[in-house]
Amino acid sequence: MLVLAGPVAAQPCEGTDFYIGTQGSGPGQGIFAARLDERQGILCLVGLAAELERPTWIEAHPTRPLLYAASDDKAANETRGRVLVLRPAGDEGRLTVISSADSGGAGATHLTFDAKGKAIFTANFRSGTAGVLPVASDGTVSAPTSTVQNVGTGPKPRQTSPHAHGVALDAGGKYLFVPDLGADKLFVYRYDAGQGSLVPAAEPSVSLPPGTGPRHVALHPKGRYVYLMSEFSPVIWVYRQDTKTGGLTLLQSIATGTDDEADTIKGAEIAVSTDGRFVYTSTRGEDTIGVYAVRRDGTLQEVQRVPSGGKVPWSFRLHPNGKWLLVANQGSNSVTLFRRNARSGKLEPAGQPLTVNLPTSVAFLAR
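What counts as what
Residues numbered from 1 in each chain as written. Predicted model: local features only at pLDDT ≥ 70, side-chain atom pairs only at ≥ 80, totals over all residues. Heavy atoms only, no water. 1 Å grid on protein atoms, 1.4 Å probe; cavity = no way out; pocket = protein on both sides within 12 Å on 5 of 7 lines; lining within 4 Å. Points joined across faces, edges and corners; volume = space filled by probe spheres on them. Helix = DSSP H or I, 4+ residues; strand = E, 2+ residues; numbered from the N terminus. Nonpolar A, V, L, I, M, F, W, Y, C, P; charged D, E, K, R; others polar. Pairing = 2+ DSSP bridges. Axes fitted to C-alpha atoms, helices over the stretch in contact; angles between N-to-C directions. Disulfide = S-S within 2.5 Å.

## Quick word on the layout of surface pockets
- Computed from the structure, the largest pocket encloses a volume of approximately 1500 Å³.
- In terms of lining, the largest pocket is formed by 46 residues, of which the most central are Glu59, Thr112, Val272, Thr274 and Arg317.
- Elements represented by at least two residues in the lining of the largest pocket include exactly strand S5 (55-60), strand S9 (108-113), strand S13 (168-169), strand S17 (214-219), strand S21 (266-272) and strand S25 (313-318).
- Residues of the lining of the largest pocket, tallied by class, amount to 25 nonpolar, 13 polar and 8 charged.

Take a look at the structure:
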């Protein structure tokens, strides 16, 4: 096994370890290890955990202490992305690569698991494809058992071809939702876990207004509602899901920022709290985190909008215990911490930002 890691700094605080994916490239760049001290409400940087090329999205296995990274060399314009599996190696945050496989296309940009961690799904931006990779009992991955090709274009310069930007599997494990920034569509694929296959659903997609740019999608834990965040228009699109057919009915659209003509304000990340009571978003340009209460019918009501604590909040992650939210501010090379009130859903800034080069995602390993 090859250990890919650089020097690790002294550990200045005690608490929960987590990892930061980045757009870093070259020596000394990759995935970084950090620590959340919940008692003090502060973040501490441990150091470089794995020297990798552009591990922009990282995702923890749902039950095992393993980290999965989507790695893509944008500068080299690689024709295939990779999914890497990493395991902790020692007590200083280092990670060891134990497995890797083709991501099912070019420009690997997003990952998600099924509930049991037996399959990992990929979104490949440059090729406009999504794939499913089997995950063995030891956590290693192998070549995709199925890939699907999105189709379509849009009116903006970045929409000359399909660009799969996210993946999310519904609570029943039957339908994979793939928002496509280039095609202005949210694609729906039926997933057969036994065969490891993806095929278009009976209603294979829903269309968004031209130039919307669908980016990421989050699903309600009870499987009734789908929340889509679009990039070019910073808007949440709320759908009701037919769990039998995968079909989607639009219920609401709600802006998270100003839809400006200069295209400087863009939607980024979206997530639902584990209790299904709140939806969180990040909006770049305005650099804010939005908090929305989920009504009984699945629609949203804004309850708070706070500065992200940095520039270009690429993504964020809710802590597994629901008490914290961490934001990867790619434009300011910083990761910021918010204390979360579980009852109201509201956020309060905590501690000082961590300095990390081009952070884009955050993940906590299962214990």
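## A closer look at the sheet that holds strand S12 (residues 146-149)
- Read from one edge of the open sheet, 4 strands run S9-S10-S11-S12, paired in antiparallel fashion. Two strands bound the open sheet, and with one partner strand each, they are S9 and S12. The sheet shows a mean angle of 20 degrees between the axes of neighbouring strands, taken without regard to direction.
- As paired strands, strand S10 (residues 119-124) and strand S11 (residues 129-134) are joined by 6 bridges and run antiparallel to one another. Bridging from a neighbouring strand, Phe121 pairs with Val132 of S11.

## Points about the state of the cysteines
- All chains considered together, the criterion is met by 1 disulfide.
- One disulfide bridge connects Cys13 with Cys44, the sulfur atoms lying 2.0 Å from each other. In this pair, Cys13 sits in the loop between strand S1 (2-3) and strand S2 (16-22) while Cys44 sits in strand S4 (residues 42-51), placing the two residues 31 residues apart along the sequence.

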